[in-house]
Amino acid sequence: MSQLDQLPDSDPSEVAEWRESLDGAARAGGPHRAAYLLRRVAEHAERTGVGLPPLLETPYINTIPTAAEPEFPGDEAMEARITAWNRWNAAAMVTRGNQRGGLGGHMATFASAAWLYEVGYQHFFRGKEADGSGDQLYVQGHASPGVYARAFLEGRLTEEQLDRFRQEAGGEGLPSYPHPRRLPWLWEFPTVSMGLGPLSAIYQARFNRYLEHRGIKDTSHSHVWAFLGDGEMDEPESTAALALAAREGLDNLTFVINCNLQRLDGPVRGNFKIVQELERQFRAAGWNVVKSLWGQAWDDLLGQDVDGALVRHLGSIPDGQFQTFAARDGAYIREHFLGDRPELARLGQQLTDARLEEIVGTSRAGHEPRKVYAAYQAALEHKGAPTVILAQTVKGWTLGPGFESRNANHQMKKLSGKEFRAMRDLLELPIPDSRLNDELVPYVHPGADSPEVAYLKERRAALGGPAPARKVTAKPLPMPADKPFDALKKGSGTQEIATTMAFVRLVKELMRDKETGKRWVPVVPDEARTFGMESLFPSAGIYSPLGQTYDPVDRDQLLYYKEAKNGQILNEGITEAGSLASLTAAATSYATHGEPMIPFYIFYSMFGWQRTADQFWALGDQLGRGFVIGATAGRTTMTGEGLQHADGHSHLIASTNPAAVSYDPAFAYEVAVIVKDGLRRMYGGTAEHPGGENVFYYLTVYNETKVQPPMPEDLDEQGILRGLYRYKEAAGVPSDAPKLQLLASGTAIHWVLEAQELLAEDWGVAADVWSAPSWTELRRDALECDAARLRGDDRIPYVTRALDGAPGPVVAVSDWMRAVPDQIAPWVEQEWVSIGTDGFGLSDSRENVRRYFGVDAQSIAVKVLATLARRGDVKPEVVRRATTRYGLEG
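The following paragraphs examine the structure supplied in this document. (Residues numbered from 1 in each chain as written. Predicted model: local features only at pLDDT ≥ 70, side-chain atom pairs only at ≥ 80, totals over all residues. Heavy atoms only, no water.)

## Some remarks on the overall build of the protein
Within the protein, the secondary structure is distributed over 34 helices and 20 strands. A globule of 890 residues ought to have a C-alpha radius of gyration of about 29 Å, and the protein, at 33 Å, matches this closely. The buried share among the 890 residues of the protein stands at 58%. Put simply, 77% of the contacts in the protein that link residues at least 6 apart link residues at least 24 apart. Total accessible area on the protein is roughly 36,200 Å²; 50% of this is exposed by carbon and sulfur atoms. (Helix = DSSP H or I, 4+ residues; strand = E, 2+ residues; numbered from the N terminus. Rg over C-alpha atoms; globule rule 2.2 N^0.38 Å. Buried < 20%, exposed > 50% of the residue type's maximum accessible area, 1.4 Å probe, protein only. Contact = heavy atoms within 4.5 Å. Areas by Shrake-Rupley, 256 points an atom, 1.4 Å probe, with all protein chains shown as cover.)

## Some remarks on the packing of aromatic side chains
One pass over the full model with this rule turns up 44 aromatic pairs. For the ring pair tyrosine 148 and tryptophan 187, a centre distance of 5.6 Å and an interplane angle of 70 degrees mean the geometry is edge-to-face. With tyrosine 148 in helix 5 (residues 144-154) and tryptophan 187 in the loop between helix 6 (159-162) and helix 7 (196-213), the pair connects residues that are 39 residues apart, well separated along the chain. Exposure class is identical for tyrosine 148 and tryptophan 187. Each is buried. An aromatic cluster is present here, built from Phe72, Phe110, Tyr117, Tyr121, Phe124, Phe125, Trp225, Phe227, Tyr373 and Tyr376 joined pairwise through their rings. Note that lysine 273 overlies the ring of tyrosine 60, its terminal NZ or CZ placed 3.8 Å from the centroid. Arginine 625 extends its terminal NZ or CZ atom over the ring of tyrosine 590, reaching a point 3.9 Å from the ring centre. (Phe/Tyr/Trp six-rings, centres within 6.5 Å; stacked < 30°, edge-to-face > 60°. Lys NZ or Arg CZ within 6 Å of the ring centre and 35° of its normal.)

## Side note on the sheet that holds strand 3 (residues 253-259)
An order of 1-2-3-5-4 is seen for the 5 strands of this open sheet, with the pairing classed as parallel. With one partner strand each, in any of the chains shown, strand 1 (136-138) and strand 4 (288-292) form the two edges of the open sheet. Strand-to-strand twist across the sheet, computed as the mean angle between neighbouring axes with direction ignored, equals 15 degrees. In terms of strand pairing, strand 2 (residues 224-229) meets strand 3 through 6 bridges, oriented parallel. When the bridges of strand 3 are listed, phenylalanine 227 appears paired with valine 256. Running at roughly 150 degrees to strand 3, helix 4 (residues 108-123) makes contact with strand 1, strand 2, strand 3 and strand 5 (387-392) of the sheet. (Pairing = 2+ DSSP bridges. Axes fitted to C-alpha atoms, helices over the stretch in contact; angles between N-to-C directions.)

## A closer look at the side chain of threonine 776
Note that threonine 776 resides in helix 30 (residues 775-790). The exposure class of threonine 776 is buried, given its relative accessible area of 3%. When near neighbours in sequence (up to four residues on either side) are disregarded, threonine 776 contacts His651, Ser655, Ser662 and Gln823.

## Observations regarding helix 34 (residues 876-885)
Among the residues of helix 34, Val878, Val879, Ala882 and Thr883 are the ones counted as buried. Along the long axis of helix 34, the arc covered by the buried residues comes to 135 degrees, so they all point the same way. For helix 34, exposure combined with an orientation more than 90 degrees from the buried face picks out Arg880, Thr884 and Arg885. Here the buried face of helix 34 lies against helix 29 (748-763) and helix 33 (857-871). Just downstream of helix 34 lies glycine 887, where phi reads positive at about 70 degrees. (Arc of directions from axis to C-beta.)

## Details of the pattern of salt bridges
Applying the stated criterion across every chain, the model contains 43 salt bridges. A salt bridge links aspartate 251 to arginine 209; its shortest N-O distance comes to 2.4 Å. Here aspartate 251 is found in the loop between helix 9 (242-247) and strand 3, whereas its partner arginine 209 is found in helix 7, with 42 residues between them in sequence. Under the relative-accessibility criterion, aspartate 251 is labelled buried at 16%. One continuous salt-bridge network, built from bridges that share partners, spans Glu118, Arg150, Glu154 and Arg156. (Salt bridge = Lys/Arg side-chain N within 4 Å of Asp/Glu carboxyl O.)

## So, a negative patch on the surface
Where like charges cluster on the molecular surface, the negative patch consists of Asp9, Asp11, Glu14, Glu17, Glu20 and Asp23. Structurally, glutamate 20 can be placed in helix 1 (residues 12-29). Under the relative-accessibility criterion, glutamate 20 is labelled exposed at 54%. (Patch = residues over 30% accessible without salt bridge, like charges linked within 9 Å, V, L, I, M, F, W, Y side chains within 5 Å. Lys, Arg positive; Asp, Glu negative; His and termini not counted. Charge placed at Lys NZ, Arg CZ, Asp CG, Glu CD.)

## Side note on the nonpolar core
In this structure, Phe627, Val675 and Leu742 are the most contacted members of the largest nonpolar core, which totals 90 residues. With 10 residues, the single largest contributor to this core is helix 27 (residues 668-684). In this structure, phenylalanine 627 is in contact with Trp520, Leu583, Ile598, Pro599, Phe600, Tyr601, Val675, Gly678, Leu679, Met682, Tyr697 and Leu699, ignoring residues within four places of it in sequence. Core analysis: the next-biggest nonpolar cluster, separate from the first, contains 67 residues, Phe124, Leu399, Val441 and Tyr455 among them. (Core = buried A, V, L, I, M, F, W, Y, C linked by side-chain atoms within 4.5 Å.)

## Description of the pairing of strand 11 (residues 598-604)
In terms of burial, strand 11 is a largely internal element, 7 of the 7 residues being buried. Of the two faces of strand 11, the one lined by Ile598, Phe600, Ile602 and Tyr604 and the one lined by Pro599, Tyr601 and Phe603 are each fully buried. As judged from the 4 bridges shared by strand 7 (residues 520-524) and strand 11, these two strands associate in the parallel manner. Bridge assignment links tryptophan 520 to a residue of strand 11, and that residue is isoleucine 598. Bridging between strand 11 and strand 12 (residues 627-631) involves 5 bridges; their strand directions are parallel. Looking across to strand 12, one finds that phenylalanine 600 is bridged to phenylalanine 627. Read from strand 11 through helix 25 (residues 609-621) to strand 12, the crossover connection turns out right-handed. (Right-handed = clockwise from strand over helix to strand, strands pointing away.)

Okay, here's the thing in structure tokens:
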């Protein structure tokens, strides 16, 4: 039975005729001939608009035949000389660094990919000078020496800077990989945490469209190029968003996958074929696939393959064997490639061993500029879907037989003098032997006035300036009016609202600001209603490049699900990694496009830092600015959710990121003060950072509804921003009562305030309550003060000064593991005690979970009394009585 048997057939006899024709072709020419005919018919059907499902795999040959290649527009000989200089200097830079300091580096990756980059630089990659955006280049991390070598040829780097490759501590050094924070005038995108480059590139291409559709900037000429390794495609993030790119028709995106068949320590697919695997994967996801595998030397051989035997054989040889062919001589290739196959014997009879070695061993499309140009041009001309180019190369190409296609070449960090001489001869570089006699191999340059440099600069000028390049032209944004912030500072009256809702209300009002409202970019991983954001749907709209092509089921409701082409909300679906990639594109738009955007990424509890901390690190590297909102925060605030939803450690993870300014606000007015300060620091400019500070703000907000108090009139907002202020002094106890200080952040402030009352009313203990919006910022200030003292500047940490003279021990409470508040313990002069939620979360009511962790008001009171008893401030029997009174014996 066929799946099609379910459907009526208007002309069964016609189907029978086609079947008979196919059977006849198979009898006459064999099954391979029949398959060939079917493929030709399928290709014709696709070209003429007949709706057939796409073929997932094509033969192991080039997608674009030599005869169909466009005319190469450049001076191929000139470009070959430029590429040769770059190859030499890239290898020299890594070798010199290892000869002098053993600093590592990678040569084999760029050696295989040099033409993939060079053709782009000469003919495709647009610089920023034309429109402020240009193209976005995601450079494969291990290829960075080649980018530095080209920048040296252009005059953007000096020999002294090349000699500081991987030597950054003294300043003016070159980072090992693409690190914008370390070299912000050159690198735009960090890519060496493999897998993040392809994911980020997809969301960057989508964000380019978002900016255009919202009328913020015309990005129609910007193209995103992501250069990737075939081994890198094993990372889950590498292919996580392929469907999004195809679904949204991102034809402004091209993946260039360097298929040198090797990962770090061996073949990518020793027993299989990575190119064919990737083709199936990308085609199934809806991408246009261009395979650029074989060099022109294969044309005559393939032209004689009248029965398809050679093509079938190419498709059957595993990658591990092809890697060996690239490292062995013609005799080996004759024996193992042709062997005793009679159908291939006649093809081999006309070829010498040397010619076989050239064709089978080394002729790869990725090493031929005409092949690369044809693939790139096809990618730009294809409309309606993104393109992936599968370019086959030899890893370590031109570095000599000791490097080429060797499993160990990832760990090989230098060439010998003999190997450099062989490389010079192969590349035909005019370097005399006398220059190769020194201990250090020299850098070479054709001269600032040479034809090569003139050609290179002319091509870059025509394409809009240097690339890659990072350039910040965005102006500071005006600060919004005080009214939205003042509303939160007034409190909620008698209404109970969660701090999550307070934040959403604030942003909703800020999105109405005439000057900056359109620049807010809400990023949500499919939980907008959970966070009370449905009120934004009708007014802001959910971005979709198609608009809304259906009638939403809740259209009759006020807060219906509204999609729009110019929608402001990026509702990403269930993908925290995709959401964070989306945030990154928006958070760096001020540099990428000269358009400052204000993203806020709001996510569910621990499904942020725990799941995507690597991306947050890359966000910091990329100098991203924006707000990260950990909603439904804390270990105990989400009733019934349990172990994998109960977040008690994200602030600890966030504290490791130097770019993250972290807060755990207790009240709505603290949220207002913090967000306003974030806008000032990141977008308004300061005396120290007139163009804005390269940080992002992380706020944790809660889903537990409480009456939000007004901000105390005498409160200095610097206490909130610096991380600690006295919120409520002890009252109603004798002056000689035992005393202590209770510090709390986030929702724990409410338990502490209740514990303050219990301690005063039941036990006559005086506890001052402090709000600690940021344990991490307090620690960072203290560390800076410690460093300053080593320089002779006697600075006292803010936390020490704030608590100076406060009587009794200091007890810190939070809905986080104790290590979070413990960050500041070394700088608190009083006795220190912390209470938190260490361990795994569990499902139950808030009350029961808090009792389980010992952070409810009664448990806090008993732990305080135990601390005072240990000091001799209260009698031990007080602790026993309190334990009984509050039902804590078990």
